[in-house]
Amino acid sequence: MSRFRKKRGKASPAIQTASLPDIIFMLLFFFMVVTVLRDAELIVEVRTPEATELSSLERKSLVNYIYIGRPFERHQHLYGTSPRIQMGDAIRGLEHIPLFIGEHRLRVPENQIPAITTSLRVDKTVTMGIVSDVKTELRKAEQYKVNYSARPRID
Amino acid sequence: MARKSARERMTNEINAGAMADIAFLLLIFFLVTTTIVEDRGILVRLPPWSDDPPEIEQLNERNVFSILVNAQDQLLVRGEPANIDDLRERAKEFILNPERRSDLSESPDKAIISLKNDRGTSYEMYLEVYNEIMGAYNELRDEAARASFGSSYEDLDINQRSEIRTQIPMILSEAEPTDFGEEG
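This structure is a prediction, so every number in the text was calculated from the model and none was measured.

**A closer look at the pairing of strand β9 (residues 145–149) of chain A**
Within a regular strand, the side chains alternate between the two sheet faces. The buried count for β9(A) comes to four of five residues, which makes it a mostly enclosed element. Across three bridges, the pairing between strand β8 (residues 117–122) of chain A and β9(A) is parallel. For A:L120, the partnering residue across the bridge sits in β9(A) and is A:Y148. Taken together, β8(A), helix α5 (residues 128–140) of chain A and β9(A) form a β-α-β motif whose crossover is right-handed. Bridge count between β9(A) and strand β2 (residues 40–45) of chain B: five bridges; the pairing is antiparallel.

Put into structure tokens, the structure is as follows:
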């Protein structure tokens, strides 16, 4: 009889959950640090090409994005299937580029304006015609710092 | 006295059991609304725009490494068909010209890479060519850094870097694309 009682006495108590919030908070902070808020919903499909000579972009506030690609299927009734340019969260024409760059310049302190980078996120199947046109517009808008967005190549 | 005093009630601990739930909620919110930072790419500096046609500069042909890409993504390097896999090595040889050949560049700071593509060239091919050229220059600068400072180009300070950059400047000229094979 005494044997049974002994066993019951040894049974472990409920698991300590007091440190659970701490662990979860740690995870939370990790995700908050390594992620950025999605700034625009993509209308065009962008699969960036692969490259090896990559540099990373710092200072999110000094980067603006121009997406070039074919519209997703659910947007094709509006925008067709040939490559289009997306700025912010809308499909825009080439003529909108100076305005888009100008808007970003207004939001940035004056001494940091030369550091503004335009990140071109271009789908790899797009042909150079539309990309060249965008580059020409950027040069006309005096936006010379450009990043060709690419993924690291894994051999 | 059955009732606890006010002071006794105040010292009760706050129930922290729901804290994990709140943190979980926040965590899931961030998981859903965010994307992992993956913005890396090839950083370039575009030349300023001018409305006038560029001055035609007479260049010594040996100093120009011309790369043409057509709408079928085929390469023509210095007038001959070439393979993308050889491009980096050929560019390095051209820039440095270790054997002092008379058909390659006089010196690294005189070497000019000229890149011209078609409007129908795929962006993937264009970037691959660009990547190879960047790679050639990065490797050359790294070798030069090791030779003169004994460490990789990445580890040099600003002055040393600019010294290497004046030794091996990257001069890349991009011509207006031709228009033969753009998709409709």
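Continuing now.
**So, the side chain of A:S149**
Within the secondary structure layout, A:S149 lies in strand β9. Overall, the relative accessible area of 1% leaves A:S149 in the buried class. A polar contact is formed between the side chain of A:S149 and the side chain of A:R121, at a distance of 2.8 Å. Among residues more than four places away in sequence, those in contact with A:S149 are A:T48, A:P49, A:S119, A:L120, A:R121, B:D39, B:R40, B:G41, B:Y123 and B:L127.

**Observations regarding the interface of chain A and chain B**
Across the contact, 55 residues belong to chain A and 50 residues belong to chain B. Carbon and sulfur atoms supply 60% of the area that chain A and chain B bury against each other, a total of about 4900 Å² over both sides. When the buried surface of chain A facing chain B is broken down by residue, A:E53, A:R139 and A:Y148 rank first, second and third, together holding 16% of it. Linking chain A with chain B are three salt bridges, by the criterion used here. In this structure, the salt-bridge partner of B:R119 is A:D133, at a minimum N-O distance of 2.8 Å.

The rules behind each value
- Residues numbered from 1 in each chain as written.
- Chains lettered and ligands numbered in written order.
- Predicted model: local features only at pLDDT ≥ 70, side-chain atom pairs only at ≥ 80, totals over all residues.
- Heavy atoms only, no water.
- Buried < 20%, exposed > 50% of the residue type's maximum accessible area, 1.4 Å probe, protein only.
- Helix = DSSP H or I, 4+ residues; strand = E, 2+ residues; numbered from the N terminus.
- Pairing = 2+ DSSP bridges.
- Right-handed = clockwise from strand over helix to strand, strands pointing away.
- Polar contact = N/O pair within 3.5 Å; in protein donor to acceptor, adjacent residues only side chain to side chain.
- Contact = heavy atoms within 4.5 Å.
- Buried area = accessible area lost by both parts, 1.4 Å probe.
- Salt bridge = Lys/Arg side-chain N within 4 Å of Asp/Glu carboxyl O.

The values reported here are purely geometric and, on their own, carry no functional implication.
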